[in-house]
Amino acid sequence: MDTKNLKIKILGIAGTPIKNGNCQYQLQEALKLAESTGQAITELIHLGDYKIKFCIGCDKCLRKVHKIQAEAGFNVSPVPVKEYNCSIKDGMQELHQKMLDADAIILMAPVYIASIPGQVKTFIDRCRTFVHDFRLQDKVAMAMTIGFFRNAGQDTALDLMRTSLSALGLNVVSYGSAAVSTKEGLGIPIRETRFAVKEDFAGAVMMDLAIKKLVRTGMHIKAGKMVLEK
Ligand SMILES: Cc1cc2nc3c(=O)[nH]c(=O)nc-3n(C[C@H](O)[C@H](O)[C@H](O)COP(=O)(O)O)c2cc1C
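What you see is a predicted model, and the numbers here were worked out from it, not measured in a lab.

Caption draft 1: The pairing of strand E1 (residues 8-14), seen in detail. Across the 7 residues that make up E1, a large majority, 6, are buried. By the bridge criterion, 7 bridges tie E1 to strand E2 (residues 40-46) in an arrangement that is parallel. Bridge assignment links Ile8 to a residue of E2, and that residue is Ala40. Where the polypeptide runs from E1 across helix H1 (residues 22-36) and back to E2, its parallel neighbour, the crossover connection is right-handed.

This is how it looks when you write it as structure tokens:
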């Protein structure tokens, strides 16, 4: 089997209401790094471009998954869910498909009050089907964050995202990437630039390590799967 031209597809999700901010800049850099390995193609999407309503807890996705499992057998994994199975028809329909089409997912969110922005949590809640249908089980994932301060919620934001991605069945392959958008993470914006993250060397090193691990593990899973399925 020839794996020489094998590449993984990485979906970068910018979970911020701000376009052209530090989060977008850093996520773009991460995707460029991934592409520079020659082993990845990438796509960046903004959650803000999608209408995403709150999960209403109707359990419809769950009931559909259980019905399909009952027909296909409870040992079948992933559960062969063929159609969008959420009762709410909005931007999540396209987002589910993009996640299913990717080999790797990067979730980027700024630190908001020592946590993640509400729209990111809403997006995660609306992915509940994946917890039960295992359709993301052979994909890798990592989390990225940016805050004003080096130590004011970045660990909590990363922890929330890593745990959530893992609960969705993804293989979270690294601690993640944290950076600051103020000079030396002291909380004082750099007047000359909106993109202070560009000057965060520590953040760039952390991102570099995390991205290389994501591509490497993503490639191993994809190649391994191809071998096993042959
Ligand atoms: C509502 C709100 C809450 C924030 N809370 C924190 C915080 O708790 N800790 C922190 O380090 N930065 C905090 N920030 C700063 C952002 O994380 C920071 O500005 C980040 O660079 C935003 O990304 P952007 O440049 O893409 O907009 C907060 C910003 C907003 C708007």
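Caption draft 2: Structural context of the pattern of salt bridges. For the coordinates displayed, the defined rule picks out 13 salt bridges. The salt bridge partner of Arg150 is Asp200, with a shortest N-O separation of 2.9 Å. Within this pair, whereas Arg150 is found in the loop between strand E4 (140-147) and helix H6 (154-167), its partner Asp200 is found in the loop between strand E6 (177-180) and helix H7 (201-229), the two being separated by 50 residues in sequence. A relative accessible area of 28% means that Arg150 is categorised as partly exposed.

Caption draft 3: Representation of the site of the ligand within the structure. Among the 16 residues in the neighbourhood of the ligand, the closest are listed as Asn22, Val111, Ile113, Ser181 and Arg194. Contact distances for the ligand include 2.9 Å between an oxygen atom and a backbone N or O atom of Phe149. Between an oxygen atom of the ligand and a side-chain N or O atom of Ser181, the distance comes to 2.7 Å. Alone, the ligand offers 640 Å² of accessible surface; in the complex the protein occludes 76% of this. Of all elements in the fold, only H1 and E4 reach the threshold of two or more residues within the shell around the ligand. Split into classes, the residues belonging to the shell around the ligand amount to 11 nonpolar, 4 polar and 1 charged.

Caption draft 4: Quick peek at the nonpolar core. In terms of nonpolar packing, the biggest core is built from 32 residues, with Ile13, Met99, Leu107 and Phe123 touching the most fellow members. The set of elements that each furnish at least two residues to this core consists of E1, helix H3 (92-101), strand E3 (104-110), helix H4 (118-125), E4 and H6. Beyond its immediate chain neighbours, meaning those up to four positions away, Met99 contacts Leu11, Ile105, Phe123, Cys127, Phe130, Leu136 and Lys139. In terms of nonpolar packing, the next biggest core, distinct from the first, is built from 27 residues, Ala30, Ala34, Met144 and Ile146 among them.

Caption draft 5: Broad picture of helix H2 (residues 60-72). The terminal C-alpha atoms of H2, which comprises 13 residues, lie 18 Å apart, in line with the 18 Å expected from a rise of 1.5 Å per residue. Those residues of H2 that sit buried are Cys61, Leu62, Val65 and Gln69. With its buried residues spanning 95° around the axis, H2 presents them on a single face. The exposed set on the far side of H2, more than 90 degrees from its buried face, consists of Arg63, Lys67, Ala70 and Glu71. Buried residues along H2 sit against helix H5 (129-133). Where H2 ends, the next residue or the one after it, Gly73, has phi of about 110°, a positive value.

Caption draft 6: Broad picture of H1. Over its 15 residues, H1 runs 21 Å from end to end, which matches the ideal 21 Å to within 8%, given 1.5 Å per residue. Buried within H1 we find Asn22, Cys23, Gln24, Gln26, Leu27, Ala30, Leu31 and Ala34. Tucked into the core, H1 has its buried residues touching E1, E2, E3, E4, E6 and H7. Positive phi shows up at Gly38, right after H1, with a value of about 75°.

Procedures and definitions
- Residues numbered from 1 in each chain as written.
- Predicted model: local features only at pLDDT ≥ 70, side-chain atom pairs only at ≥ 80, totals over all residues.
- Heavy atoms only, no water.
- Buried < 20%, exposed > 50% of the residue type's maximum accessible area, 1.4 Å probe, protein only.
- Helix = DSSP H or I, 4+ residues; strand = E, 2+ residues; numbered from the N terminus.
- Pairing = 2+ DSSP bridges.
- Right-handed = clockwise from strand over helix to strand, strands pointing away.
- Salt bridge = Lys/Arg side-chain N within 4 Å of Asp/Glu carboxyl O.
- Near = heavy atom within 4 Å.
- Polar contact = N/O pair within 3.5 Å; in protein donor to acceptor, adjacent residues only side chain to side chain.
- Areas by Shrake-Rupley, 256 points an atom, 1.4 Å probe, with all protein chains shown as cover.
- Nonpolar A, V, L, I, M, F, W, Y, C, P; charged D, E, K, R; others polar.
- Core = buried A, V, L, I, M, F, W, Y, C linked by side-chain atoms within 4.5 Å.
- Contact = heavy atoms within 4.5 Å.
- Expected span 1.5 Å × (residues − 1).
- Arc of directions from axis to C-beta.

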